[in-house]
Amino acid sequence: MSVAEYLLPYDYSPLTIFVYILVLGLYSFGLFRMPATERPGGGRIVLFTLGVLLCYGVMQTQFDYYSQYMFFVHRGQHLILHHLGPILIALSNPLPVMQFLYRQIPKVVRPFLAPVGWLYRILQQPVVASFLFFGLIYFWLWPSIHFDAMLSRDLYWVMNWSMLIDGLLFWWLIFDPRSPFTADALGYGKRMICLAAVAVPQMILGAIIVFSRGMVYDVYEVCGRAWPMPPDTDQLIGGVLTWIPPAMMSIFGILIILRRTLREDTEHASHPMQKEVTQ
Amino acid sequence: MKLRTTRSFRYHVTGILALSALTLAGCSGDQYDWNAKDISGLMPELDYQLTDTNGESVSAEETSGNIRMLSFGFTSCPDICPTTLQKLSRAVDELPEAIRKDVKIMFVSVDPNRDTPERVKSYVEFFSNSIIGLTGSEENLRALSKRYRTTFGYAEPDEKGNYDVSHSSAVYVFDREGKARLLVRPEQQSLDELKSDLSELARRAG
């Protein structure tokens, strides 16, 4: 198979390709049209593009083939869709671009977008967001649901898209660039609690998979693996990928938030709101 | 007033009874608990373009009207394929005569490099004369396996040129219309359970 063939989709999804083109198209449009003073720097643009391309890569290249037929690659795919890709996108802070794009929407249309805002606020309630974040991992890894999701093409797409959308929502809540000192954003302490709260259930699930003696995800045995590999080895590596990297990403997130807290604490030390906020 | 109330009451009771009867009648067809996994609606209908044991090109249309059990494998398979084919052919042999001829076993070899149509023919005939042996180009085999969310892969050959092939261990059962209905895992199902499912499927579709 040539390199070009590896880059072609295994399971061609016009809707997925359209969404990615739309996202990159709107981002580029915003970058070129927005005032230079608001425009994100080169590093942030690279980070955003890298995050989007990583997610695209695991959905619409031959990587997707291996994800469908090897459990551990599937866990790697979700690690990118639910963690790494959204983390890069959130850290790139596309907020100025999104704000610019929002300003381009005619004022008469904006009230119709209100329900989206309501839904967004419900989903971004920290308890709801955290529960949804690890709940979705548990849901799709529930053996009988996982079995169906890998058998049905439609369910498979719903699974991957739900993981990506939820990943974006959660990591945006965590890395929201707006400071809780000056804007209506989640407090840094709460962000760290969310990160710790989602890490524990993921570690438990990963450990359960790693230490399971029998075959938990036998759909890969039923559907055939991409290459002959002992099923318990596949499951073991998949379990480790569910256990260790997500926990590390939570710690990484906590460190970033800690750094921001310390920096902003110093900056806002004499802020009149400081006393009120810390109480 | 009393008469009207009574009539209205009777009208409603009759309506509720009729609805309950309809609901029960509607449900009665689904009372059977499949032993295999019910995959209705999860997978597309049967469609393939393969080569039979005479080297002729065949499609799913040629077996339409039958209940078809599709299994993937290769003739050098040491364990899964022989036990699967043995179990399937025994199940079909022990079905009531009226439906036996309507149930077809299809064995698709995913190792076209080693499995010529002749080799597939002698392999399937070892188990039963009624098994339909199929193979095809790797491209067509990939298309079929992709359609049923399965795959196959080849391990590195040893010094004698022998290699292992990973493939689906399941059997996909299609009804007379070609709709995907059941996913049988032969190692987990008893012969009686398999026969029961096949009889029920034949009864429904018939």
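Residues numbered from 1 in each chain as written. Chains lettered and ligands numbered in written order. Predicted model: local features only at pLDDT ≥ 70, side-chain atom pairs only at ≥ 80, totals over all residues. Heavy atoms only, no water.

> What exactly am I supposed to notice about the overall build of chain A here?
Helix and strand counts for chain A come out as 14 helices and zero strands. Going from N to C terminus, chain A has its helices and strands arranged as α-α-α-α-α-α-α-α-α-α-α-α-α-α. Taken along the three principal axes of its C-alpha coordinates, chain A extends 65 × 40 × 35 Å. Looking at chain A residue by residue over its 279 residues, the buried ones come to 48%. Taking contacts inside chain A between residues at least 6 apart in sequence as the whole, the part at least 24 apart equals 78%. When the accessible area of chain A is evaluated, it comes to approximately 13900 Å², of which 73% is carbon and sulfur surface. Of the side chains in chain A, 18 bear a positive and 17 a negative charge, and the two mean positions are spaced by 13 Å. (Helix = DSSP H or I, 4+ residues; strand = E, 2+ residues; numbered from the N terminus. Buried < 20%, exposed > 50% of the residue type's maximum accessible area, 1.4 Å probe, protein only. Contact = heavy atoms within 4.5 Å. Areas by Shrake-Rupley, 256 points an atom, 1.4 Å probe, with all protein chains shown as cover. Lys, Arg positive; Asp, Glu negative; His and termini not counted. Charge placed at Lys NZ, Arg CZ, Asp CG, Glu CD.)

> Even after reading the chapter, I still don't get the nonpolar core, so can you show me in this structure?
Most often, soluble globular proteins keep nonpolar side chains buried together rather than apart. Counting 82 residues, the largest nonpolar core has Tyr48, Met69, Leu70, Tyr172, Val173 and Leu198 of chain B as the members making the most contacts within it. Contacts of tyrosine 48 of chain B, omitting those with residues within four sequence positions, involve Val58, Ser59, Ala60, Thr63, Met106, Leu134 and Leu144 of chain B. Ranked by size, the runner-up nonpolar core spans 23 residues in total, among them Ala129, Phe175, Tyr188 and Met249 of chain A. (Core = buried A, V, L, I, M, F, W, Y, C linked by side-chain atoms within 4.5 Å.)

> Can you help me understand unusual backbone geometry in this one?
Note: most peptide bonds trans; most residues except glycine with negative phi. Residue and element names in this part refer to chain A. Of note, asparagine 93 is a non-glycine position whose phi angle comes to about 45 degrees, a positive value. Following the sequence through the fold, asparagine 93 ends up in the loop between helix 5 (71-91) and helix 6 (95-104). Take asparagine 93: its relative accessible area is 17%, and that puts it in the buried class.

> Sorry if this is basic, but what is going on with the interface of chain A and chain B here?
Frequently, the measure chosen for interface size is the accessible area removed from exposure when the parts meet. Counting residues at the interface gives 23 residues for chain A and 24 residues for chain B. Of the roughly 1700 Å² buried at the junction of chain A and chain B (both faces included), carbon and sulfur atoms supply 51%. In terms of surface lost to chain B, no three residues of chain A exceed Leu151, Val222 and Pro228 of chain A, which account for 34% of the buried area on that side. The interface formed by chain A and chain B contains three salt bridges. (Buried area = accessible area lost by both parts, 1.4 Å probe. Salt bridge = Lys/Arg side-chain N within 4 Å of Asp/Glu carboxyl O.)

> Would you take a moment to explain the packing of helix 8 (residues 126-141) of chain A against helix 10 (residues 153-175) of chain A for this structure?
Geometrically, a packed helix pair is captured by the angle between its two axes and the distance between the axes. Residues and elements named next belong to chain A. Orientation of helix 8 relative to helix 10, taken along the N-to-C sense of each, is 150 degrees, at an axis distance of 10 Å. On the basis of the axis angle, helix 8 is roughly antiparallel to helix 10. Considering only the axes of helix 8 and helix 10, their crossing is left-handed. For the pair helix 8 and helix 10, contact is made by Pro126, Ala129, Ser130, Leu132, Phe133, Leu136, Ile137 and Trp140 and by Leu155, Val158, Met159, Ser162, Met163, Asp166, Gly167, Phe170, Trp171 and Leu173, respectively. Along the lines of polarity and charge, the residues of the contact of helix 8 with helix 10 split into 14 nonpolar, three polar and one charged. (Axes fitted to C-alpha atoms, helices over the stretch in contact; angles between N-to-C directions. Parallel < 35°, antiparallel > 145°, perpendicular 65-115°, else oblique. Left-handed = near helix turned anticlockwise from the far one by under 90°. Nonpolar A, V, L, I, M, F, W, Y, C, P; charged D, E, K, R; others polar.)

> Quick question: what am I supposed to make of a negative patch on the surface here?
All names here are of chain B. Together, Glu45, Asp47, Glu61 and Glu62 line one region of the surface with negative charge. Mapping glutamate 61 onto the fold places it in the loop between strand 3 (57-59) and strand 4 (67-73). Take glutamate 61: its relative accessible area is 68%, and that puts it in the exposed class. (Patch = residues over 30% accessible without salt bridge, like charges linked within 9 Å, V, L, I, M, F, W, Y side chains within 5 Å.)

> Looking at this structure, how should I read a nonpolar patch on the surface?
Together, Tyr102, Val108, Val109, Phe112, Leu113 and Val116 of chain A give the surface a local cluster of nonpolar side chains, amounting to about 600 Å² of exposed area. Along the chain, valine 116 of chain A turns up in helix 7 (residues 114-123).

> Would you mind going over helix 5 (residues 138-147) of chain B with me for this structure?
Within an α-helix, residues lying three or four positions from one another point in the same direction, as the helix has 3.6 residues per turn. Residues and elements named next belong to chain B. Among the residues of helix 5, those classed as buried are Leu141, Leu144 and Ser145. Seen from one end, helix 5 has its buried residues packed into an arc of 95 degrees, which puts them on one side. Arginine 149 occupies a position one or two residues after helix 5 and carries a positive phi of about 50 degrees. (Arc of directions from axis to C-beta.)

> What is the right way to look at the packing of aromatic side chains in this model?
Aromatic ring pairs: the centre-centre distance and the angle between the two ring planes describe each pair. Applying the stated criterion across every chain yields a total of 30 aromatic pairs over all chains. Considering the side-chain rings of tyrosine 65 of chain A and tyrosine 66 of chain A, the 5.0 Å spacing of their centres and the 75 degrees angle between planes classify their relative orientation as edge-to-face. For the ring pair phenylalanine 133 of chain A and tryptophan 171 of chain A, a centre distance of 5.9 Å and an interplane angle of 90 degrees mean the geometry is edge-to-face. With phenylalanine 133 of chain A in helix 8 and tryptophan 171 of chain A in helix 10, the pair connects residues that are 38 residues apart, well separated along the chain. Both residues of the pair, phenylalanine 133 of chain A and tryptophan 171 of chain A, belong to the buried class. An aromatic cluster is built from Tyr10, Tyr65, Tyr66, Tyr69, Phe72 and Trp227 of chain A, whose rings are joined through pairwise contacts. Seen from the ring of tyrosine 102 of chain A, arginine 110 of chain A lies directly overhead, with NZ or CZ sitting 5.0 Å from the centre. Its guanidinium or amino end placed over the ring of tyrosine 163 of chain B, arginine 114 of chain B lies 3.6 Å from that ring's centre, counting from NZ or CZ. (Phe/Tyr/Trp six-rings, centres within 6.5 Å; stacked < 30°, edge-to-face > 60°. Lys NZ or Arg CZ within 6 Å of the ring centre and 35° of its normal.)

The values reported here are purely geometric and, on their own, carry no functional implication.
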